[in-house]
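A closer look at the structure
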Amino acid sequence: MRIILAIFNERFEVYGSLKPFFEQYPQYAELKDKIEYQMSRKKQPYKHVDFELQRLNVRRSLNGA
């Protein structure tokens, strides 16, 4: 399972995909294509002055199921 980790200066937020991030922060919608390209094609975190976005693989449970 993959998640999107949004790291701000004083907090972090977790999303299941980029769609809810853009719904929560419509002011960054203009960066959508650039963010998706950076994270999906280049497989690199996206860094902005206000935040950083990382895609992380996580396990669903401790028993590996």
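Up top you'll find the structure we're talking about.
On a predicted model such as this, the values are computed, not experimentally measured, just so you know.

1. Details of the pattern of salt bridges
- According to the stated counting rule, one finds one salt bridge in the structure shown.
- Among the ionic pairs, E13 bridges to R11, the shortest N-O distance being 3.1 Å.
- On the basis of relative accessible area, R11 is assigned to the partly exposed category, the value being 41%.

2. Digging into the nonpolar core
- One finds L18, F21, I35, M39, Y46, F51 and L53 to be the most contacted residues of the largest nonpolar core, which totals 15 residues.
- When contributions to this core are tallied by element, the ones reaching two or more residues are strand 1 (2-8), helix 1 (18-24), helix 2 (32-41) and strand 4 (51-57).
- When neighbours within four sequence positions are excluded, I35 is seen to be in contact with L18, F22, Y46, F51 and L53.

3. Thoughts on the environment of V58
- Here V58 is to be found in the segment after strand 4.
- The class for V58 is partly exposed, based on a relative accessible area of 32%.
- When the C-alpha atoms of V58 and K32 are compared, they prove to be 24 Å apart, with 26 residues separating the residues in sequence.
- Among all residues touching V58, those that are not within four sequence positions of it are M1 and I3.

4. Things to note about unusual backbone geometry
- Phi at K43 takes a positive value of approximately 60°, unusual for a residue other than glycine.
- Following the sequence through the fold, K43 ends up in the loop between helix 2 and strand 3 (46-47).

5. Points about the pairing of strand 4
- Pairing of strand 1 with strand 4, which is carried by seven bridges, proceeds in the antiparallel orientation. In the sheet register, I4 faces strand 4, and the bridge partner there is R55.
- Bridge count for strand 3 against strand 4 is two bridges, and the pairing is antiparallel. By the bridge assignment, K47 is partnered in strand 4 with E52.
- The turn linking strand 3 back onto strand 4 is made up of three residues.

6. Focus on a nonpolar patch on the surface
- A cluster of nonpolar side chains, namely M1, L56 and V58, defines an oily patch on the protein surface of about 230 Å² accessible area.
- As for its placement among the helices and strands, M1 is situated in the segment before strand 1.

How each quantity is defined
Residues numbered from 1 in each chain as written. Predicted model: local features only at pLDDT ≥ 70, side-chain atom pairs only at ≥ 80, totals over all residues. Heavy atoms only, no water. Salt bridge = Lys/Arg side-chain N within 4 Å of Asp/Glu carboxyl O. Buried < 20%, exposed > 50% of the residue type's maximum accessible area, 1.4 Å probe, protein only. Core = buried A, V, L, I, M, F, W, Y, C linked by side-chain atoms within 4.5 Å. Helix = DSSP H or I, 4+ residues; strand = E, 2+ residues; numbered from the N terminus. Contact = heavy atoms within 4.5 Å. Pairing = 2+ DSSP bridges. Patch = residues over 30% accessible without salt bridge, like charges linked within 9 Å, V, L, I, M, F, W, Y side chains within 5 Å. Areas by Shrake-Rupley, 256 points an atom, 1.4 Å probe, with all protein chains shown as cover.

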